[in-house]
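Read off the chains here:
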Amino acid sequence: MQESPCTITVGHMSAEELRAAIGKRASIRLRDNEGGFRDIVGVLQSETSLINRRGELVEFRLDDIAVYRIIPVFNRRDAQPSTLSMYDTRTRDLKEIVDREGLVTIYCCGPTVYRDAHVGNLRTFLLADLISRTLQLQGLEVDLIQNITDVGHLADDFQGEDKLLAEAERTRIDPFEIAREFEDRFHQDLALLNVQPARAYPRASENMQSMIESIQRLIEIKSAYVGSDGSVYFDATSFESYGAISGNKLEALKPGHRYEYTDEGGKKFHADWALWKLAGARTQMIWDSPWGLGFPGWHIECSAMSIDLLDAHVDVHVGGIDLRFPHHENERAQSNSLTHSEVVQTWVHGEHLLFEGKKMSKSAGNVVLLKDIKTRGIEPLALRLVFLENRYRSQMDLTWAALEAAHATLRRWKNSMAQWGEAKDLKIDLDLSQAFAQDLDTPRAILRLRAIEKDQTIGNQDKRAIFLFADQVLGLSLAEIPMSKPITGEVQRLLDQRVIARKTKNWSQSDSLRDQLANLGIEINDGAAGQSWHWK
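Source: prediction; values computed, not measured.

**Examining the overall build of the protein chain**
In step 1: Within the protein chain one finds 15 helices and 21 strands.
In step 2: Looking at the 536 residues of the protein chain, the share that counts as buried comes to 52%.
In step 3: Here the contacts in the protein chain between residues at least 6 apart in sequence split such that 72% fall between residues at least 24 apart.
In step 4: Only carbon and sulfur atoms are counted for the fraction: they give 47% of the accessible area of the protein chain, which is about 24700 Å².

**So, the packing of helix H5 (residues 208–220) against helix H6 (residues 300–309)**
In step 1: Contact geometry of H5 with H6 gives a least axis separation of 9 Å together with a crossing angle of 100°. Judged by the inter-axis angle, H5 sits roughly perpendicular to H6. Residue-level inspection shows Ser210, Met211, Ser214, Ile215 and Leu218 of H5 in contact with H6, the latter providing Ile300, Glu301, Ala304 and Asp308.
In step 2: Tallied by class, residues from the contact of H5 with H6 come to five nonpolar, two polar and two charged.

**What about the packing of H5 against helix H7 (residues 324–339)?**
Helix packing geometry: the angle between the two helix axes and the distance between the axes.
In step 1: It is at 10 Å that the axes of H5 and H7 come closest, and there the two elements cross at 70°. If you check the angle between H5 and H7, you find them roughly perpendicular. Of the residues in H7, those in contact with Ser214, Arg217 and Leu218 of H5 are Gln334, Ser337 and Leu338.
In step 2: In terms of residue class, the contact of H5 with H7 is built from two nonpolar, three polar and one charged.

**Re the confidence of the model for the protein chain**
For residues with low pLDDT, the predicted coordinates do not support detailed interpretation.
In step 1: Counting all residues, the mean pLDDT for the protein chain is 87, and 90% of those residues have values of 70 or more.
In step 2: When the criterion is pLDDT under 50, residues 75–79 qualifies, and its contacts beyond four places in sequence or with other chains add up to nine contacts.

**What to know about the sheet that holds strand E19 (residues 396–398)**
In step 1: An order of E18-E17-E19 is seen for the three strands of this open sheet, with the pairing classed as mixed. Looking at strand neighbours, the two that pair on one side only are strand E18 (358–359) and E19, the edges of this open sheet.
In step 2: In this sheet, E19 lies alongside strand E17 (residues 353–355) in parallel orientation, the contact comprising three bridges. Residue Leu353 lies in a different strand from E19, and its bridge partner there is Met396.

**Structural notes on the state of the cysteines**
In step 1: Here the structure, examined in full by the defined rule, presents zero disulfides.
In step 2: Free of any disulfide, Cys108 has its nearest cysteine sulfur in Cys109, 6.6 Å distant.
In step 3: Classification of Cys108 as buried rests on a relative accessible area of 1%.
In step 4: For Cys109, a relative accessible area of 5% translates into the label buried.

**Examining the sheet that holds strand E11 (residues 224–226)**
In step 1: Taking strand neighbours across the sheet as the criterion, the four strands line up as E11-E12-E13-E14 in an open arrangement whose pairing is antiparallel. Each having just a single partner strand, E11 and strand E14 (294–296) make up the two edges of the open sheet. Averaged over all pairs of adjacent strands, the angle between their axes in this sheet comes to 20°, without regard to strand direction.
In step 2: Strands E11, strand E12 (232–234), strand E13 (273–278) and E14 of the sheet are contacted by H5, whose axis makes an angle of about 120° with E13.
In step 3: Here H7 sits on the sheet in contact with E12 and E13, set at roughly 85° to E13.

**With respect to the packing of aromatic side chains**
In step 1: Applying the stated criterion across every chain yields a total of 10 aromatic pairs.
In step 2: Taken together, a centroid distance of 5.5 Å and an interplanar angle of 80° make the contact between Phe355 and Trp400 edge-to-face. Taken together, the positions of Phe355 in strand E17 and Trp400 in helix H10 (residues 400–419) put the pair 45 residues apart, joining distant regions of the chain.
In step 3: Residue classification places Trp400 among the buried positions, given a relative accessible area of 15%.
In step 4: Taken together, the ring pairs in this structure connect Phe125, Phe186 and Tyr201 into an aromatic cluster.
In step 5: Across from the ring centre of Tyr225, 4.5 Å away, lies the NZ or CZ of Lys268, which sits over that ring.

**Here we look at the nonpolar core**
In step 1: Counting 109 residues, the largest nonpolar core has Val119, Ile131, Leu275, Ile373, Leu383 and Leu398 as the members making the most contacts within it.
In step 2: Residue contributions to this core peak at 10 residues, all from helix H2 (residues 119–137).
In step 3: Structurally, this core is a two-domain feature, drawing no fewer than three residues from each of domain 2 (85–91 + 103–260 + 268–350) and domain 3 (355–368 + 388–474).
In step 4: Leave out the neighbours within four places in its chain, and Val119 touches Leu353, Met360, Val368, Leu369, Leu370, Ile373, Leu383, Phe387 and Leu398.

Quick notes on the rules
Here the residue numbering is sequential within each chain, running from 1 through the sequence in written order. Restriction of local features to residues with pLDDT of at least 70 applies here, the model being predicted, together with a cutoff of 80 or more for giving and counting side-chain atom pairs; totals for whole chains, interfaces and linings are based on all residues. Computation of side-chain values: all heavy atoms of the structure, hydrogens and water removed. Secondary structure elements are taken from DSSP: a helix is a run of H or I of four residues or more, a strand is a run of E of two residues or more, and numbering for both begins at the N terminus. Here's how the labels work: a residue is buried when its accessible area is under 20% of the maximum for its type, exposed when over 50%, partly exposed in between, all with a 1.4 Å probe on protein chains only. A contact between two residues is defined here by any heavy atoms of the two lying within 4.5 Å. Accessibility throughout is a Shrake-Rupley quantity obtained with a 1.4 Å probe, and a residue counts as covered only by protein chains that appear here. Helix axes use the C-alpha atoms of the stretch in contact, all axes being lines fitted to C-alpha atoms, and the angles between their N-to-C directions lie in the range 0 to 180 degrees. Angle categories: roughly parallel below 35 degrees, roughly antiparallel above 145, roughly perpendicular from 65 to 115, and oblique for all the rest. For this scheme, ten residues count as nonpolar: Ala, Val, Leu, Ile, Met, Phe, Trp, Tyr, Cys and Pro. Four count as charged, namely Asp, Glu, Lys and Arg, and the remainder, Gly too, count as polar. Values of pLDDT, which run from 0 to 100, indicate the predictor's confidence residue by residue. When DSSP finds two or more bridges between two strands, those strands count as paired. Disulfides are defined as pairs of cysteine sulfur atoms found within 2.5 Å of each other. Two aromatic rings from Phe, Tyr or Trp, using only the six-membered ring of Trp, form a pair when their centres are within 6.5 Å; if the ring planes differ by under 30 degrees the pair is stacked, by over 60 it is edge-to-face, and anything between is tilted. Counted as over-ring charges are cases with an Arg CZ or a Lys NZ within 6 Å of the ring centre that also lie within 35 degrees of the ring normal. Definition of nonpolar core: a set of buried residues of the types Ala, Val, Leu, Ile, Met, Phe, Trp, Tyr and Cys, connected through side-chain atoms within 4.5 Å. What counts as a domain boundary in this text is fixed by an automatic or database domain assignment.

See below:
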């Protein structure tokens, strides 16, 4: 890595010039008593002192300075980040994400819009965003598609009544109006979490012709058939490598397992699944087809739309671990049968989320939405930070205490960033770059930032530049100026008293004053440059 040109100053330095450089890394050549020179390098703490690489405070006299220069912040163009590798569920190994002429395509299973997305759903959607941001940091272009399921709902929705139609009957509101309302709420939640928008959010209801044509093709190539009940089913036995993602082999699957519709008596084999269901008594959300009025099965939409919108080549397919089987297993069988190729190169799944030690469910009364977090006065991005502190493919237990702690950390970091200056330079940190590239090890990245925050041998200018570099992936809006409010005369008096207490080494009084300030909403930080504070 080469340093960019910078100004080298020779001769007598004024205190004002050095004061303007406090917090920056500097290289200073000092005259010694014997007519020679000695060099010191570190972060300027005052006009006459710096902290070197070993963390030692080195003091000097202005008159002894022969030459000094400010060490510049490096731009991210000065180094090449590592290549992203992700854990592929199908091969059960880390797999390098290979671009095609600088482009990577991503398909992420989106929400079923009959209800709000809860925090567990949002964790999966954040995963796609982190992959996309990491690839962009490496200079690649990303084409991300995320579907909106407004028909053909997930498996649990068919163990009884259709949830969307039931809600429409209860409220006497058109089901598509309900779907659009929850779709809007979904986009609002993504924006609050700083999730970058996908190129497109195709709705299942608006891609019906593509699904019908896909089903027709599957029938033509003998991968699907019209059942004795008139519905269309995929022939699971026609796809030899079924089970590669989940490990579930056809011969081991037992009839009656709870993963499909409850009224599928027309199948030839119990593990076959519906591609098109006849409407029967259903009168809403149905479409005409060569097989009669009905609606699509919930797997075919992802096959049809990913093939159409991403030219039958998906570099990374993202979803929650609960979609691994049967949804992704069935989707892979459909897509590969339609194209005679391996459509998805890498399958990435995010693990389950617990809340306060329990699986989230309506019956347990612990389903948490982003609006619930906001109601508690917790910044939405605190949820993003909590997710980042946990590995995406490890089950995590979200708690209110963790959210409150993340909220405090986020406020502290934003206040520190404001104190570190206003520069927009980015500085690559190799540890951060490698953490992102090695299967999105965001916990390691967060630990690295905490270490940088406390490291007195790193200048404030460099700290800000490294945090800005990390934020390209973390997406925490760290450069955002935090809200502030004027301090009262009482707060200022206590702050002044604490400065005096520390100078006189009256540590008990210093601790007491810290507690008093904490009760007034002030958080104190002590560093080599002295006392700093911010509102909690």
